[in-house]
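An overview of the molecular structure
Chain by chain, the residues:
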Amino acid sequence: MNIFETFWEYRSYFGHGIQYTLLLAAIGVVCGFILGLLVSMLRMSRFWLPRFLGTVWVEFLRGTPMLVQLFIIHYGLVSFGIKLTAIESGAITLSINSSAYLAETFRAGIQGVDRGQAEAARSLGMGKGMTMRYIILPQAVKSVLPAIGNEFITIIKESSIVSFIGVTDLMYQAQAVTTITYESLKPLLIIAAIYFVMTFTLSKLLGLFERRLSTDDQR
Amino acid sequence: MINVKDLHKSFGKLNILKGVNIEIAKGEVVVVIGPSGSGKSTFLRCLNMLETPTSGEIAFEGDSITDKKHNINLTREKMGMVFQQFNLFPHKTVLQNIMLAPVKVKKVPQAEAEKIALDLLQTVGLADKKDAYPSQLSGGQKQRIAIARALAMQPHVMLFDEPTSALDPEMVGEVLEVMKKLAEGGMTMVIVTHEMGFAREVGDRIVFMDDGQIMEEGTPSQVFGNPKNSRTKDFLSKVL
C-alpha cells in the first residue's frame, strides 16, 4: 500500500481526527482570545491585586509545559472532585495556555498605541470603556495581528498533545492507524501534511486580512 | 464660565503649576503665552482634567469638576480640545472621526450627526475630504479636521494646546484662519500658542505664564505694548 492508498483506506480515521483537531483549535483560539483580552486588562489595571493575579496567570502558564498543565487539569483536578472529559480538559488547557501568550501580545499592542489617541477620545467625553473599544483596541489588534496569527498557528499544532489523554484528534488517529497497519511513518506523514494544510491556509487568510486592514491607513 | 482657584500640579518632586488663579468669561478668547516649561500646556490640560491637579479647584459652569464625585465625562462633552499632534483616529475616515463622539456619547441619530459633520467640514473648508483617512491629509488639514471633530460635540468652550506648533510654516495660516472665524463667531476659547501675531489679533486677554504662575495678564495692547513684569518684557523681547 502506498501513502495515498493508506490515506484513502483509513480516510474515516483521519476525517474524524480533523474534526476534533479543528474543534479544539477553534475553541482554543476563540476562548484564548477573549480570555487573553481580559487577562491583559488585569495586567494593566490601576490596582495591584488584579495586576498581581494577571501576572501570576501569565507567568505560570508561560513557564510550565502545556503537557503538565493538561495532566493537572485532567488527572489532578479529580482529587478536588472535578471530573472533566478528555475534550473538556483539552479545550480548557489550550484556551488558558494561549490566553497567557495572547494577553502579553495584547498588552504590547495596547501600550503601543499613542497616548494622544486615548487623550483625544477622553477629551470628547468618551469613557474609559468606550475609548478602549472604539479607539485603542482596533489599533492595537491591528498592530499585533502577525503575532496573533502566530499564536493561532501554535494552537493548531500544539493541540496534538490532547492525544495523550485520549482525545481522538489527528495525532491520536495516526497512532490508531499505526496500530492497525504496523506502518509508523506513513500515518505520521499524512497527518503532518494535514496539519500543514491547516496552518498554511490560516496563515494565508490572516495575511489577506492584514493587507485589507492596512490599506485603510498607512501612518 | 471657568473659574480656577489656586491650582497646583506637580509630577513627583517637580512643581509645574504653583498656584494659578483665573476666571474666564463666556465668549472670551484667552491666549496663554510664555516660555517652554512655564506650565501653560499643563494648565490647559488641567482645565478638562486630562491632568489631575494636585490641589486647587476648577469650576466649570458652576460645577466643581475637581470634585472626586463629579462625572468628568459629562463636562468634557462641553469642552472641546485640540492637540498639538492632532490625534486624529487613524483607523477611521474623516467623517467617522467627526461623527464618532456625537453618535456614541451624545446618542445623536446617525443622519443628524452626519449633517452636523458635513456642515463643519464645509466650515473648515474640507468637505471634499470626508472619506479620506487621516494619513492622506497634510498637517494643516489634519488640524482643521481635529477642530471640526471637537466642534461636532457642540462644546461651550474650546481648548487649544499649541495647535500650530507641529505644522509646517505654510500651513499655520489655514489653521489660524479657522480659529479666527471661530472666535468671531463668539466661541469661548483658551489658546496656548507661540503665535504672537495671532495672539495679539484674536485674543481678548493675554495671559503670560512663567515658572508655573500667571505673571501678567491684560488686553493685548497692555501686555504687548506696555508690559509691566520684567519677565514678560524679557520674554517678549526674545519672541517679538
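In what follows, the structure referred to is the one given above.
Before going into details, it helps to say that this report is about the structure given with it. In this text the structure is predicted, and so the values were computed from the model without any measurement.

To continue, consider the overall build of chain A. If you tally the helices and strands in chain A, you get ten helices and zero strands. Listing every helix and strand of chain A by position from the N terminus yields α-α-α-α-α-α-α-α-α-α. Viewed in the frame of its principal axes, chain A has a C-alpha envelope of about 70 × 50 × 20 Å. Burial status across chain A gives 43% buried among its 219 residues. Contacts spanning at least 24 positions in sequence make up 73% of the contacts within chain A whose residues lie at least 6 apart. When the accessible area of chain A is evaluated, it comes to approximately 11,600 Å², of which 67% is carbon and sulfur surface. Of the side-chain charges in chain A, 18 are positive and 14 negative, and the distance between the mean point of each set is 10 Å.

Residue and element names in this part refer to chain B. The six strands are arranged 6-7-8-3-9-10 in an open sheet whose pairing can be described as mixed. The open sheet has two edge strands with one neighbour each: strand 6 (79-82) and strand 10 (213-218). Direction aside, the axes of adjacent strands within the sheet are offset by 20 degrees on average. The strands touched by helix 6 (residues 169-184) within the sheet are strand 3 (29-33), strand 7 (157-161) and strand 8 (188-192), with strand 8 carrying the most contacts at an inclination of about 145 degrees.

The next thing to look at is the side chain of Glu77 of chain B. Assignment of secondary structure puts Glu77 of chain B in helix 2 (residues 72-77). There is no salt bridge for the buried Glu77 of chain B, and the closest opposite charge comes from Lys106 of chain B, which lies 5.9 Å off by N-O distance.

Turning to the interface of chain A and chain B, a few remarks are in order. Between chain A and chain B, the residue contacts involve 22 residues of the former and 24 residues of the latter. The contact between chain A and chain B buries some 2,000 Å² in all, and 61% of this surface belongs to carbon and sulfur atoms. When the area that chain A buries against chain B is broken down by residue, the three leading residues are Ser123, Leu124 and Tyr134 of chain A, summing to 29%. Inspection of the chain A/chain B interface yields one salt bridge. At the junction of chain A with chain B, the criterion picks out six residue pairs in polar contact (both at pLDDT 80 or more). Of all the secondary-structure elements, those providing two or more residues to the side of chain A that touches chain B are helix 6 (115-123) and helix 7 (128-143) of chain A. Counting residues per element, the side of chain A that touches chain B draws most heavily on helix 6 of chain A, which supplies eight residues. Per-class residue counts for the side of chain A that touches chain B are eight nonpolar, seven polar and seven charged.

Soluble globular proteins tend to pack their nonpolar side chains together in the buried interior. If you look at the biggest cluster of nonpolar residues, it comprises 52 residues, and the most contacted ones within it are Ile33, Ile147, Met158, Phe160, Met179 and Met189 of chain B. The contact partners of Ile147 of chain B, leaving out residues within four places of it in the chain, are Val82, Met158, Phe160, Val175, Val178, Met179 and Leu182 of chain B.

The subject of this paragraph is the pattern of salt bridges. Evaluation of the coordinates by the stated rule reveals 16 salt bridges over all chains. Two residues, Glu28 of chain B and Arg205 of chain B, come together in a salt bridge whose shortest N-O distance is 2.9 Å. Taken together, the residues Glu28 of chain B in the loop between strand 2 (14-24) and strand 3 and Arg205 of chain B in strand 9 (residues 205-210) connect sequence positions 177 residues apart. Judged on exposure class, the residue Glu28 of chain B and its partner Arg205 of chain B are both buried. One network of salt bridges, with partners in common, ties together Arg115 and Glu119 of chain A together with Arg45 and Glu51 of chain B.

Attention now goes to helix 1 (residues 40-47) of chain B. Residues and elements named next belong to chain B. Of all eight residues in helix 1, seven are buried, a share of seventy percent or more. The set of residues buried in helix 1 consists of Lys40, Thr42, Phe43, Leu44, Arg45, Cys46 and Leu47. With its phi angle positive at about 65 degrees, Met49 sits one or two positions after the end of helix 1.

Residue and element names in this part refer to chain B. On the basis of which strands lie adjacent, the open sheet formed by four strands has the order 2-1-4-5 and antiparallel pairing. Edge positions in the sheet fall to strand 2 and strand 5 (63-64), since each has one partner strand and no second. Sheet topology note: the strand 1 (residues 2-11)/strand 4 (residues 55-60) ladder contains five bridges and is antiparallel. From the neighbouring strand, His8 faces strand 4, where its bridge partner is Ser55. Its contacts with the sheet place helix 1 against strand 1, strand 2 and strand 4, and it is angled at close to 120 degrees to strand 1.

Cut-offs and rules
- Residues numbered from 1 in each chain as written.
- Chains lettered and ligands numbered in written order.
- Predicted model: local features only at pLDDT ≥ 70, side-chain atom pairs only at ≥ 80, totals over all residues.
- Heavy atoms only, no water.
- Helix = DSSP H or I, 4+ residues; strand = E, 2+ residues; numbered from the N terminus.
- Buried < 20%, exposed > 50% of the residue type's maximum accessible area, 1.4 Å probe, protein only.
- Contact = heavy atoms within 4.5 Å.
- Areas by Shrake-Rupley, 256 points an atom, 1.4 Å probe, with all protein chains shown as cover.
- Lys, Arg positive; Asp, Glu negative; His and termini not counted.
- Charge placed at Lys NZ, Arg CZ, Asp CG, Glu CD.
- Pairing = 2+ DSSP bridges.
- Axes fitted to C-alpha atoms, helices over the stretch in contact; angles between N-to-C directions.
- Salt bridge = Lys/Arg side-chain N within 4 Å of Asp/Glu carboxyl O.
- Buried area = accessible area lost by both parts, 1.4 Å probe.
- Polar contact = N/O pair within 3.5 Å; in protein donor to acceptor, adjacent residues only side chain to side chain.
- Nonpolar A, V, L, I, M, F, W, Y, C, P; charged D, E, K, R; others polar.
- Core = buried A, V, L, I, M, F, W, Y, C linked by side-chain atoms within 4.5 Å.

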